[in-house]
Amino acid sequence: MGKEQKSTGLLPVEEELIYRVGWLIKLRWLAATGLLISATVLNFFLNIPIEFLPLLTIGLVVIVYNILFKIYFQRSTKNLVRKTEPFYWLAYLQVGADWIALIFLIHYSGGIESPLIFCFVFHIAVSSILLTRRNCYWQVGFATSLLIMLALLEYLDIVHHVEMRFLSIGGFYDDPISVGAVLSFLVAIIWIVAYLTTSVTTKLKQREKDLFALEEKLEKACRKLEKVDQARSNFVLGVTHELRSPLASIGSSLSLFDEGYLGEISTRQQKCVERMQERVECLLMLVMDLLKLARLKEGGFREQKTKVDIRKIVNLVTDSLRPQAEYKGIDLKAIIPSHPLYIWADAEEMELLFSNLLGNAIKYTSPKGNVKIKAWKEGCKIKTEVSDSGIGIAEGELEKIFTEFYRSKNARAIDKAGTGLGLPIVKRIVERYGGKIVVQSAKGKGSKFYFALPAHK
């Protein structure tokens, strides 16, 4: 419905009206067919005396005017955009025509003694769905007027009363009190049902309008937030671009002091330079992570997707990180199959994904620990699991670790220089390729990250 609303400019309530108008036309085919079949079965197979020809005529008339309604409905739907007035009129005409057909049907099936009188109740429910409360009451008033008029005409013998012997009460129309009591009861029931159904449907329609108005407000708010977020991303991207070169220059200058190219410096000065170098490296790391995240938010790195073998990416990343793992005495293992694991992706993004996950695992695993990466194909997915025996993540922090700049307490205790952007970048890349990353961890018991990406066909 949402897509239709955007293309037609109609409210959901108006779209529902159009659907219900078409639904009533379809329902009428069943009703007319059912009437013809029932009349035929009663007259020819069960030998029950009924007014077969009038009932047959009513069924055929209903089919004829339903054909006209169908043609009008199809023509109106061709010019649908912001023009629902024809459907309101069509709904009004359909309900009115059905009341007239029902009155004739009731007349030829025993008058107000007919069991078909309760079809009025069903049609009131239909009217309350299609029409406004006011128009529904007009239609119910029209229907009850027809019913009262039929009862009076039959009672006064102006119109011949068709008696269904197997249903009628003998001498019923000879007693004005009985006729009046039954008629009053029927009219009261019809109006009570009309009031109850319109009360419910009016509230539902109003609620739907309120929900649609709220949805529009939320969409506008989302669009504003997207613009603000885009402006923020552009600002961050611009600032980080401007900061990267000066920071790199400062780092190079400090290296000249540290390595003695600019003359001897005292031990105190040496320590001061080293601290400045550490701070500059932290800032450069933050700038680089911000640039990566901003590029991902804008839609990716190069948008050069190719057939990438995950095995090659895993081997490349593990080889680059192995010296770091060996320095800490960490057992780094890659468990991958001998056959290719192809996905359709940007190789640079995949390398960043695995570098961040494995780099974090090594960084937060104690010496003599172990880090393991597994990749395999299962169905139409390439599944990956990165696990470690590191410090783990407290249960209360698991939902926060993918938030930008957030770092868990035990992570901050081990490495104060982290940016808190590694895992948000990982999440962004995985979701960009239609995957979802899941983490299992407990404080002091290591972590396990798991995700699946669509395999290349």
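Definitions and limits used
- Residues numbered from 1 in each chain as written.
- Predicted model: local features only at pLDDT ≥ 70, side-chain atom pairs only at ≥ 80, totals over all residues.
- Heavy atoms only, no water.
- Salt bridge = Lys/Arg side-chain N within 4 Å of Asp/Glu carboxyl O.
- Axes fitted to C-alpha atoms, helices over the stretch in contact; angles between N-to-C directions.
- Helix = DSSP H or I, 4+ residues; strand = E, 2+ residues; numbered from the N terminus.
- Parallel < 35°, antiparallel > 145°, perpendicular 65-115°, else oblique.
- Left-handed = near helix turned anticlockwise from the far one by under 90°.
- Contact = heavy atoms within 4.5 Å.
- Nonpolar A, V, L, I, M, F, W, Y, C, P; charged D, E, K, R; others polar.
- 1 Å grid on protein atoms, 1.4 Å probe; cavity = no way out; pocket = protein on both sides within 12 Å on 5 of 7 lines; lining within 4 Å.
- Points joined across faces, edges and corners; volume = space filled by probe spheres on them.

A.B. asks: Mind showing me how you'd approach the pattern of salt bridges here?
C.D. replies: Opposite charge on two side chains makes pairing possible when the charged atoms of those side chains draw close. On inspection of all chains with the given rule, the structure shows six salt bridges. Across the pair Asp309 and Arg311 runs a salt bridge whose closest N-O atoms are separated by 3.1 Å. Note that Lys383 and Glu378 form a salt bridge whose closest N and O atoms lie 2.8 Å from each other.

A.B. asks: What's the story with the packing of helix H4 (residues 85–107) against helix H6 (residues 133–155) in this structure? I'm lost.
C.D. replies: A pair of packed helices can be characterised by two numbers: the angle between their axes and the separation between those axes. Look at H4 against H6: their axes get within 10 Å of each other, and the N-to-C directions meet at 20°. Considered as vectors, H4 and H6 are oriented roughly parallel to each other. In this structure, H4 meets H6 at a crossing whose hand is right-handed. Contacts between H4 and H6 involve Tyr92, Val95, Gly96, Trp99, Ile100, Ile103, Ile106 and His107 from the first element and Asn135, Trp138, Gln139, Phe142, Ala143, Leu146, Leu147, Leu150 and Glu154 from the second. Split by residue class, the contact of H4 with H6 holds 12 nonpolar, four polar and one charged.

A.B. asks: Even after reading the chapter, I still don't get empty space enclosed by the protein, so can you show me in this structure?
C.D. replies: Any empty space left between the atoms is revealed when a probe the size of a water molecule rolls over them. All chains considered together, the criterion is met by one cavity of 30 Å³ or more. Roughly 40 Å³ of volume is contained in the largest cavity. If you go around the largest cavity, the residues you meet are Ile117, Phe118, Phe120, Val121, Leu186, Ile189 and Ile190. At the level of secondary structure, the elements contributing two or more residues to the lining of the largest cavity comprise helix H5 (119–130) and helix H7 (176–258). With three residues, H7 is the single largest residue contributor to the lining of the largest cavity. Counted by class, the lining of the largest cavity contains seven nonpolar, no polar and no charged residues.

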